[in-house]
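# Commentary on secondary and tertiary structure
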Amino acid sequence: MSGRLYDAQVASYGNDPRCLAMAEALVPLLRRACPVGAGGYGGSYQVNLDDEEAVGLVGVDLIRAAMRKAARELGWKVTTIGWAGNRFGTMVAIEDTRDAPAEYRPVVEAAMHERMRTALSTVHGEPGGAPVRRNSVALMTREFQAAVAATSA
C-alpha cells in the first residue's frame, strides 16, 4: 500500500460498521463542500492525514469507501483517489463529476477556478502552513478528524 495511488475499485466495506459510521459523519461535510448556490453540484473533499492516523482508521481503502458511500447519498457521481505512504503522508480525495445543470454551471465553474487560484497562491505564496478557510484542505482535514473522532466516542 505504501506510495501507491489508488484508482481501482475499492474493496467492499458496505456492511462494515466503521465505514457506515464514517460515511454518516461525512454526509454533512460533503454537502457543505459544494459551492454555495450550486444546487449541490460541484463538491469536492480532500483530507491529508499522517500515515499512522490513516492506518488507525483502517487505511485509505476504508476512508475512500466511506467517502463514496456518503457521496452516493447526496447523488454525486464521483471519482476518488487515495495516496498512502509518501513523504507527505496519506491523502484521500473525492470529487463530484456530474455535469451541473445550466443554471448552476457558472457557480460550479467559478468555484473550481477559485480552488485553483487558491492552490496556486498557496504553492507560490509565503512559506508555512496552508491557510484555514472555507473548503480549504486544512479545514476539511480538521473537520474530518473531528467527525471521525465523534463517531468513535
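Residues numbered from 1 in each chain as written. Predicted model: local features only at pLDDT ≥ 70, side-chain atom pairs only at ≥ 80, totals over all residues. Heavy atoms only, no water.

One pass over the full model with this rule turns up one aromatic pair. Residues Tyr41 and Tyr104 carry aromatic rings whose centres are separated by 5.9 Å and whose planes lie at 25° to one another, so their mutual orientation is stacked. Taken together, the residues Tyr41 in the loop between α1 (17-32) and β2 (44-49) and Tyr104 in the loop between β4 (89-96) and α4 (105-124) connect sequence positions 63 residues apart. Owing to a relative accessible area of 18%, Tyr41 belongs among the buried residues under this scheme. The ring of Tyr41 has Arg98 lying over it, and the distance from NZ or CZ to the ring centre is 4.1 Å. (Phe/Tyr/Trp six-rings, centres within 6.5 Å; stacked < 30°, edge-to-face > 60°. Helix = DSSP H or I, 4+ residues; strand = E, 2+ residues; numbered from the N terminus. Buried < 20%, exposed > 50% of the residue type's maximum accessible area, 1.4 Å probe, protein only. Lys NZ or Arg CZ within 6 Å of the ring centre and 35° of its normal.)

This brings us to the environment of Ala38. As for its placement among the helices and strands, Ala38 is situated in the loop between α1 and β2. Assessed through its relative accessible area of 0%, Ala38 is described here as buried. Linking Ala38 and Val107, residues 69 residues apart in sequence, is a C-alpha distance of 5.7 Å.

The next subject is the nonpolar core. Met22, Leu26, Tyr45, Ile63, Met67, Ile94 and Phe144 are the most contacted members of the largest nonpolar core, which has 33 residues in total. Every element with two or more residues in this core is listed here: α1, β2, α3 (59-73), β3 (78-86), β4 and α5 (137-152). Sequence-distant contacts of Ile94, defined by excluding residues within four places in its chain, comprise Leu30, Ser44, Tyr45, Met67, Arg68, Ala71, Trp76, Val78, Thr79 and Thr80. (Core = buried A, V, L, I, M, F, W, Y, C linked by side-chain atoms within 4.5 Å. Contact = heavy atoms within 4.5 Å.)

Moving on, we come to the pattern of salt bridges. Taken as a whole, this structure holds four salt bridges when the rule is applied. As a salt-bridge pair, Asp16 and Arg18 come within 2.4 Å of each other at their nearest N and O atoms. Asp16 gets classed as buried once you look at its relative accessible area, which sits at 14%. A relative accessible area of 42% places Arg18 in the partly exposed class. Note that Glu114 and Arg117 form a salt bridge whose closest N and O atoms lie 2.6 Å from each other. Here the residue Glu114 and the residue Arg117 both occupy positions in helix α4, the gap between them amounting to three residues, near one helical turn. On the basis of relative accessible area, Arg117 is assigned to the partly exposed category, the value being 46%. (Salt bridge = Lys/Arg side-chain N within 4 Å of Asp/Glu carboxyl O.)

Moving on, we get to the pairing of β3. Both β3 and β4 contribute to a ladder of seven bridges, which runs antiparallel. Counterpart to Gly82 in the pairing with β4 is Val92. Taking the residues between adjacent antiparallel strands as the criterion, β3 and β4 are bridged by two residues. (Pairing = 2+ DSSP bridges.)

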